[in-house]
Amino acid sequence: MQPLLIEKGIRPGVALLRLNRPESLNALNRALVAELTETLLQLEKDDEVKAIVITGNERAFAAGADIKEMANDSAIDMLLLDQFQRWDQIKRLKKVLIAAVSGYALGGGCELAMLCDIIIASETAQFGQPEIKIGVIPGAGGTQRLVRAIGKSRAMEYILTGRFFSAQQAAAWGLVSRVVPVELYLEEALKLAEEIASMPPIAVQLAKQSVLKAYELSLEEGLHFERRNFYLLFATEDQKEGMRAFMEKRTPQWKGR
Ligand code: HXC
């Protein structure tokens, strides 16, 4: 069975990636992470794709790294494999990633969702970083991104106990942008992706990069980064087209230039 299913053009400008190891609740083994990363890097170069939705199935987005695969690894195996450089490649993607999460998003699954730009959750989604229960800690960003998403005290509580939290809690705390009925979570994510894909691509890219800088920079540096990008957009044909179309009361035609 293919560990990753790829549907391009499911909506205009949108690609859908489905994690597909249902027998292990989409546990992220090395082959799946490799294929996911390679596919994302290819889609990054594909002009027809503007936004990417990553999903699993109703029961699981992903229940974490594949415990059976890594159980007997040594520290040196881990170091030499250096799996997490793949996660850095995903972090550097310019295109928009939306996670459509239903069921379990645990450990590496929660970290993958947090690596995406937006999370849409089904009402059945359950999030957690249960690594502590198997003798480790989150390794693909969980201790950093969960703190930024839900605050230090809650992140501590959930990382130190390994307990899960619900979609409704995730929404109340700001980890996910929306909770929708289970039959709609993928549809809503695809609709959102299509809407973003219809926006001027360079502005989308620079907006994404600017928002992500809020994680990394001081306010002063972040404002500087934003301002440079704002000025830079006045060099695009799409800025001229967008403002002209507004004044002429018509729909803009984007060129992505
Ligand atoms: C390997 C997994 C798995 C995992 C589930 N399975 N999670 N296999 N790695 N992370 C397998 C089970 O072994 C089982 O297969 C099948 O999927 C169904 O799971 P069950 O446990 O029978 O289902 P259920 O009783 O409903 O419990 C669901 C669950 C539980 C609560 C999600 O499976 C669970 O606790 N999974 C582990 C969650 C976890 O600890 N994740 C963090 C991993 S560490 P078999 O064939 O055995 O019946 C991590 C580090 C991140 O992610 C590093 C960055 C990548």
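Scroll up to find the structure this text is about.
Residues numbered from 1 in each chain as written. Predicted model: local features only at pLDDT ≥ 70, side-chain atom pairs only at ≥ 80, totals over all residues. Heavy atoms only, no water.

> Give me the lowdown on the overall build of the protein, citing residues and values where you can.
Summing up its helical and strand segments, the protein has twelve helices and ten strands in all. Taking 257 residues into account, the globule formula puts the C-alpha radius of gyration at 18 Å, and the protein, at 19 Å, falls close to it. Put simply, the protein has 257 residues, and 45% of those count as buried. Long-range pairs, those at least 24 residues apart, make up 66% of the contacts in the protein between residues at least 6 apart in sequence. About 13700 Å² of surface is accessible on the protein, with carbon and sulfur atoms providing 56% of the total. Each charge sign in the protein was given a centre, from 32 positive and 33 negative side chains, and these centres are 4 Å apart. (Helix = DSSP H or I, 4+ residues; strand = E, 2+ residues; numbered from the N terminus. Rg over C-alpha atoms; globule rule 2.2 N^0.38 Å. Buried < 20%, exposed > 50% of the residue type's maximum accessible area, 1.4 Å probe, protein only. Contact = heavy atoms within 4.5 Å. Areas by Shrake-Rupley, 256 points an atom, 1.4 Å probe, with all protein chains shown as cover. Lys, Arg positive; Asp, Glu negative; His and termini not counted. Charge placed at Lys NZ, Arg CZ, Asp CG, Glu CD.)

> Quick rundown of the sheet that holds strand β2 (residues 14-19)? Include the residues and the values.
Taken in spatial order, the six strands of this open sheet run β1-β2-β3-β5-β7-β10, and their pairing is mixed. A single partner strand is all that each edge strand has here, and the edge strands are β1 (4-11) and β10 (178-180). On average, each strand axis in the sheet is inclined to that of its neighbour by 20 degrees, with strand direction left out of account. In the sheet, strand β3 (residues 51-55) pairs with strand β5 (residues 96-101) via five bridges, with the strands oriented parallel. Within β5, the residue paired with V53 across the bridge is I98. Here helix α9 (residues 185-197) sits on the sheet in contact with β1, β2, β3, β5, β7 (118-122) and β10, set at roughly 170 degrees to β5. (Pairing = 2+ DSSP bridges. Axes fitted to C-alpha atoms, helices over the stretch in contact; angles between N-to-C directions.)

> I'd like a description of the packing of helix α5 (residues 108-115) against helix α6 (residues 142-150), backed by residues and values.
Taken N-terminus to C-terminus, the directions of α5 and α6 make an angle of 55 degrees; their axes are 10 Å apart at the nearest point. Considering the angle they form, α5 stands oblique to α6. Pair α5 / α6 crosses with left-handed handedness. Between α5, through E111, M114 and L115, and α6, the contact on the second element is made entirely by G142, R145 and L146. Split into classes, the residues belonging to the contact of α5 with α6 amount to three nonpolar, one polar and two charged. (Parallel < 35°, antiparallel > 145°, perpendicular 65-115°, else oblique. Left-handed = near helix turned anticlockwise from the far one by under 90°. Nonpolar A, V, L, I, M, F, W, Y, C, P; charged D, E, K, R; others polar.)

> Please provide a residue-by-residue account of the site of the ligand, values included.
If you check the shell around the ligand, you find 23 residues, and the closest are R59, A63, A65, K68 and G108. For the ligand, whose accessible area on its own is 1000 Å², the fraction buried by protein is 66%. Every element with two or more residues in the shell around the ligand is listed here: α2 (67-70), α4 (84-91), β6 (104-106) and α5. Per element, the largest residue contribution to the shell around the ligand is three residues, and it comes from α2. (Near = heavy atom within 4 Å.)

> Can you lay out the sheet that holds strand β9 (residues 164-166) for me, pointing to particular residues and giving the numbers?
The four strands are arranged β4-β6-β8-β9 in an open sheet whose pairing can be described as mixed. The sheet terminates laterally at β4 (60-62) and β9, the two strands that pair on one side only. Across the sheet, the mean angle separating the axes of adjacent strands is 20 degrees when strand polarity is ignored. Across two bridges, β4 lies against β6 in parallel orientation. Bridge pairing in β6 places A60 opposite Y104. Seen against the sheet, α5 touches β4, β6 and β8 (126-128) and runs at an angle of roughly 90 degrees to β6.

> So, the side chain of N26: which residues are in play, and what are the values?
As for its position among the elements, N26 is in the loop between β2 and α1 (30-44). Overall, N26 belongs to the buried group, its relative accessible area being 0%. At a separation of 3.2 Å, a polar atom in the side chain of N26 contacts the main-chain carbonyl oxygen of F61. What N26 contacts, discounting residues up to four positions off in sequence, is L19, N20, R21, L32, G56, N57, A60, F61, A62, A63 and G64. (Polar contact = N/O pair within 3.5 Å; in protein donor to acceptor, adjacent residues only side chain to side chain.)

> Would you mind going over the pattern of salt bridges in detail, with residue names and values included?
Considering all chains together, one arrives at 17 salt bridges under this definition. A salt bridge links E7 to R18; the shortest N-O distance between them is 3.6 Å. With a gap of eleven residues between them, E7 in strand β1 and R18 in strand β2 connect regions that are remote in the sequence. With a relative accessible area of 34%, E7 lands in the partly exposed category. The exposure class of R18 is partly exposed, given its relative accessible area of 27%. Among the salt bridges present, the one from E237 reaches K255, with a minimum N-O distance of 3.0 Å. With E237 in helix α12 (residues 237-247) and K255 in the segment after α12, this pair connects stretches of sequence that are 18 residues apart. Taking relative accessible area as the criterion, E237 reaches 40% and is therefore assigned partly exposed. (Salt bridge = Lys/Arg side-chain N within 4 Å of Asp/Glu carboxyl O.)

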